[in-house]
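Residue-level structural notes
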Amino acid sequence: TTGEPLSGSCSFAQGTCGYTSDPAFAEWTRSADGHFLIIDHTLTEGVEKAVLVSPELELLEWSCLRVVYQITGSGSLWLYQRPEGHNFDTRLWATDAPSDSWLTASVDLRNSSVSSYAITLTLTPNSSVAIIKVDIVPGYCIECGFEESNLCAYSTPWSTGVSWYVGGSSAHSGDATWSNETGCYMYADSVFGKEVAKLVSPMTTTPLAGCLSFYYRSDQESNCFFNVLTRDQLGQYRDIWRAEINRTSGWTLAQVDFRAPYPLEVVFEVAFNSHVGGRMALDDISFSPQFCYSETEVTFDPSVANCDFEEGLCSYKPEQAGWSRVSVKPNIFRLGDHTTGSGSFLMANTRLIPPPAYMSLLYGPSLPGNLTYCLRFYYTLSGFTRMDHALTVYSSDHIGGAEEEIWTVTESTRNVWTEVHVTFQRRQATKVLFVSMCSNYGDCGSVGLDDISMSLGDCRLTAGPLLSAPGTCTFEMGICEFSQDKDNDSGKWVLTRGPTPTSYTGPMGDHTTGTGHYMYLEASQMRQGHRARLVSNKQRGSGSPQCLHFHYHMYGSGTGELRVLLQLDGEESYVLLWSRHGEQGISWMKGSVSYQSDRQHQIVFEAIRGTSVRSDIAIDDIVFKKGSCQEVDTNPYYSFSENVNKIEY
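One numbering rule holds for all chains: residues counted from 1, following each sequence as written. Reporting of local features is limited, given that this is a predicted model, to residues whose pLDDT is at least 70; pairs of side-chain atoms are given and counted only at 80 or more, and all residues count toward the totals for whole chains, interfaces and linings. Calculation of side-chain values draws on the structure's entire complement of heavy atoms; hydrogens and water are dropped beforehand.

Looking at an unreviewed UniProt entry, one finds the chain named MAM domain-containing protein 2-like and attributed to Scleropages formosus.

Right, here's the structure in full:
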């Protein structure tokens, strides 16, 4: 990226360029020599954090944000985007690694419908940080002409042998000499024989697909190999391009179709393979969202394999009539679906299959070969006396019929939906095949399947949809930015995993994964009418409506009440937004509520203890979104009826 710096760029040498400290937290100050902004943790003891806010910016085109920083101590530095009208900031980047030198963080800012936004830098306690420069330039962060002093955050891994260096006088345009032009480029040369040099781009921070272009040059005959690779966060490499000739008559344009559905680095690698040595030069790396070649396949969208079964079977096809789409009304005996607690899911009952098969098959949509996939789904089991093949997932070659097992269940799920994520890859086009089977009638049971999703890349590289969204708390990393109301409560919310201590109340596991964490009210340590409040951090007011989604669990004969409240800043009273009273069943239910407040406010989850110790109330997977809720709360004020155990097919 070689364009002129955009609004929001600042070197801090002449001032702060409109950057200000959030007055609610510690103050950023300029250094004594006036060259950078600084926070010293020894002077901010007892302060929660320090937040630096940029002036209002416009996001009219794709841009690259670079922050040059240095951090010491045990805390962390976070970079957020604050869209206008949103209560929550979107995390762009974070680090907790201290540094002895200046480092550069590179973040792509996508063009979007958001007309204006701000950038915030947040420093957590026990850290000191200095910010010497913020650059916002048009284009993509992997682009570089190597005219910038920081080389667009490209780096060369330390090596005792050959490396990449800056050449100071030959850009790719003009005549084919090395020394009589202005401009800069990168080069690697070797006089000692077999050596390898790597030039590494900054990690991509948003999905990219298009044409990667660059110029390269080698003016002398040499036995070397020039390759372009990608490297993911696990350190796995993949070749995407290789030079066909070792010597060029001048600067040569190279183009390669490039896909980065998850964070990747681009690695330019030259390997010298003889005692002759040689030289390779590189310049003007650029990217376009259009593919280089018209015959390039359209980027595959793995979401064709997503399905929550609320509207049907999507692209999944059962065989032998083993799988059926069902829904279960809220009750105290049988689980409802994972999505909402009262929606639809797939169920296979192998006992209904005529002997001797006792086998249920479910095929997914066709998936192209030579791609790495991450499959996620939720399952639950009931009635099986043996777990062998109760549920197995295969990657099925639908052309040759070959099947490869990629996952199988090993234990029962204890009346809870359990998440599975599995990574797989096949050379040929493939389909995912879910199989439930048993050896005889007495061993058979039923399998529930829900919320299937597919993404590209290793599952270790792709967070689940809830874990990456702004304004979200799954309680897997603690209680996020919520806090207990210790002044006005007679009890407290408890962070836990697995079942609650009291029998016949509370969930058996969390909603996020089935094996993770959630918050609950422990009724056995409270009296009837006692309450506990979990309070969000202060949210900015907005003139547009906001939507709150969450999942709640209210099982137990003495269950009390769960309420969602809004408290305006500076006021002691609360506004009731939503409530449920009494037992709601053994499933996690989805709650949704729309609200609007143009003043700073907080959201409060209040649980009130009921008539007995069987009154545990739990919450999980809290999500705030801009705009009114699209779907109506799927569980209206509900009291059990004569149809409490009716299963609807």
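Another point: the overall build of the chain. Per the secondary structure count, the chain includes zero helices and 42 strands. A 1.4 Å probe rolled over the protein chains alone gives each residue an accessible area, and that area as a share of the maximum for its type sets the label: buried under 20%, exposed over 50%, partly exposed in between. The buried share of the chain, taken over its 649 residues, is 54%. Looking at the chain alone, contacts between residues at least 24 apart form 80% of all its contacts between residues at least 6 apart. All accessible-area figures derive from a Shrake-Rupley calculation using a 1.4 Å probe, and residue coverage is judged against the displayed protein chains alone. Here the chain displays about 29400 Å² of accessible surface, and carbon together with sulfur accounts for 49% of that area. Only DSSP runs of H or I with at least four residues qualify as helices, and only runs of E with at least two residues qualify as strands; both kinds are numbered from the N terminus onward. A contact between two residues is defined here by any heavy atoms of the two lying within 4.5 Å.

Turning to the state of the cysteines, a few remarks are in order. Criterion for a disulfide: a pair of cysteine sulfur atoms within 2.5 Å. In this structure the tally under the stated criterion is nine disulfides. In this model, cysteine 473 is linked to cysteine 480 through a disulfide, with the two sulfur atoms separated by 2.0 Å. Residues cysteine 473 and cysteine 480 are joined through a disulfide that is right-handed, its torsion about the S-S bond being 90°. Given a relative accessible area of 44%, cysteine 480 falls into the partly exposed group. Free of any disulfide, cysteine 184 has its nearest cysteine sulfur in cysteine 144, 10.0 Å distant.

The next point concerns the sheet that holds strand β18 (residues 252–260). Pairing between strands is defined by DSSP: at least two bridges between them are needed. Spatial strand order, β12-β13-β20-β15-β18: five strands in an open sheet with antiparallel pairing. Each having just a single partner strand, β12 (165–167) and β18 make up the two edges of the open sheet. The average undirected angle you get between the axes of adjacent strands in this sheet is 35°. Direction of pairing for β12 relative to strand β13 (residues 185–190): antiparallel, over a ladder of three bridges. Of the residues in β13, the one forming a bridge with tyrosine 165 is tyrosine 187. In this description, a line fitted to the C-alpha atoms serves as the axis of each element, helices being fitted only across the stretch in contact, and the angle between N-to-C directions of two axes falls anywhere from 0 to 180 degrees.

One can find lysine 194 in the loop between β13 and β14 (195–200). Along the backbone, lysine 194 and cysteine 224 are 30 residues apart, and their C-alpha atoms lie at a distance of 8.9 Å. Residues contacting lysine 194, with those up to four places away along its chain left out, are Phe272, Asn273 and Ser274.

The five strands lie next to each other as β21-β24-β29-β26-β27, forming an open sheet whose pairing is antiparallel. Lying at the two open borders of the sheet, with one neighbouring strand each, are β21 (317–319) and β27 (403–408). If you compare each strand with its neighbour and ignore which way they point, the axes differ by 25° on average. Taken together, the five bridges between strand β26 (residues 392–396) and β27 define a ladder with antiparallel strand orientation.

Here we take up the nonpolar core. As used in this record, nonpolar core signifies buried Ala, Val, Leu, Ile, Met, Phe, Trp, Tyr and Cys residues forming a set joined through side-chain atoms within 4.5 Å. Trp164, Phe214, Phe226, Trp241 and Phe268 are the most contacted members of the largest nonpolar core, which has 39 residues in total. Of all the secondary structure elements, the ones that give two or more residues to this core are β13, β14, β15 (208–217), β16 (224–232), β17 (237–242), β18, β19 (264–272) and β20 (278–288). For this core, the element with the highest residue contribution is β19, accounting for five residues. Those residues within four positions of phenylalanine 226 in sequence are excluded, and the remaining contacts are Trp164, Phe214, Tyr216, Trp241, Arg242, Ala243, Phe268, Glu269, Val270, Met280 and Leu282. Phe309, Leu375, Ile406 and Phe434 belong to the second-largest nonpolar core, a separate cluster that totals 33 residues.

It is worth spelling out the side chain of serine 446 at this point. Counting through the fold element by element, serine 446 comes out in strand β30 (residues 446–456). By relative accessible area, serine 446 is classed as buried at 16%.

All right, on to the packing of aromatic side chains then. Centres within 6.5 Å are what make two rings of Phe, Tyr or Trp a pair, Trp counting through its six-membered ring; a difference in plane orientation under 30 degrees is then read as stacked, over 60 as edge-to-face, and the rest as tilted. Overall, the coordinates contain 33 aromatic pairs when judged by the stated rule. For the ring pair tyrosine 165 and tyrosine 187, a centre distance of 6.0 Å and an interplane angle of 45° mean the geometry is tilted. Here tyrosine 187 lies in strand β13 and tyrosine 165 lies in strand β12, a separation of 22 residues in the sequence. The rings of Trp164, Phe214, Tyr216, Phe226, Trp241 and Phe268 are connected pair by pair, giving a single aromatic cluster.

Another aspect to go through is empty space enclosed by the protein. Cavity and pocket criteria rest on a 1 Å grid covering protein atoms alone: a 1.4 Å probe that fits but cannot get out defines a cavity, protein on both sides within 12 Å along at least 5 of 7 lines defines an open pocket, and an atom within 4 Å of a point defines a lining residue. Grid points are joined across faces, edges and corners, and a volume is the space filled by probe spheres set on the points. The full count for this structure, using the stated rule, is one cavity of 30 Å³ or more. What the largest cavity holds in volume is close to 30 Å³. Taken together, Tyr19, Leu52, Leu65, Val67, Leu79, Ile119, Thr120, Leu121 and Val134 form the lining of the largest cavity. At the level of secondary structure, the elements contributing two or more residues to the lining of the largest cavity comprise β6 (63–73) and β10 (116–123). No other element matches the three residues that β10 contributes to the lining of the largest cavity. Classifying every residue of the lining of the largest cavity gives eight nonpolar, one polar and no charged. Gly counts as polar in this scheme, as do all residues outside two lists: the nonpolar Ala, Val, Leu, Ile, Met, Phe, Trp, Tyr, Cys and Pro, and the charged Asp, Glu, Lys and Arg.

Next up on the list: the pattern of salt bridges. By salt bridge we mean one thing: a side-chain nitrogen of Lys or Arg within 4 Å of a carboxyl oxygen of Asp or Glu. Under the criterion given, the structure shown has 16 salt bridges. Glutamate 481 serves as the salt-bridge partner of lysine 49, at 3.9 Å between the closest nitrogen and oxygen. Note that lysine 49 is positioned in the loop between β3 (37–39) and β4 (50–53) and glutamate 481 in the loop between β31 (472–473) and β32 (483–484), a separation of 432 residues in sequence. Judged by relative accessible area, which is 17%, lysine 49 ranks as buried. Residue glutamate 606 pairs with arginine 563 through a salt bridge whose shortest N-O separation is 2.8 Å.

As a further point, take the confidence of the model for the chain. pLDDT runs from 0 to 100 and stands for how confident the predictor is about each residue. Put simply, the chain has an average pLDDT of 85, and 88% of its residues get 70 or more. In this model, residues 632–649 is a region of pLDDT below 50 whose contacts with residues beyond four sequence positions or in other chains number 43 contacts.

With that settled, consider the environment of proline 318. Position of proline 318 among the secondary structure elements: in strand β21. Excluding its chain neighbours within four sequence positions, the residues that come into contact with proline 318 are Leu313, Trp323, Leu361 and Leu362.

So, on to unusual backbone geometry. Even without glycine at this site, alanine 153 takes up a positive phi of about 70°. Checked against the element boundaries, alanine 153 lands in the loop between β11 (127–138) and β12. Located in the positive-phi region is phenylalanine 475, a residue other than glycine, with phi close to 65°. Mapped onto the fold, phenylalanine 475 is located in the loop between β31 and β32.

Moving on, we come to the environment of threonine 502. Tracing the backbone through its elements, the reader meets threonine 502 in the loop between β33 (493–497) and β34 (517–521). Along the chain, threonine 502 and arginine 614 lie 112 residues apart, while their C-alpha atoms are 7.0 Å from each other. Those residues within four positions of threonine 502 in sequence are excluded, and the remaining contacts are Glu522, Ser524, Val613, Arg614 and Asp616.

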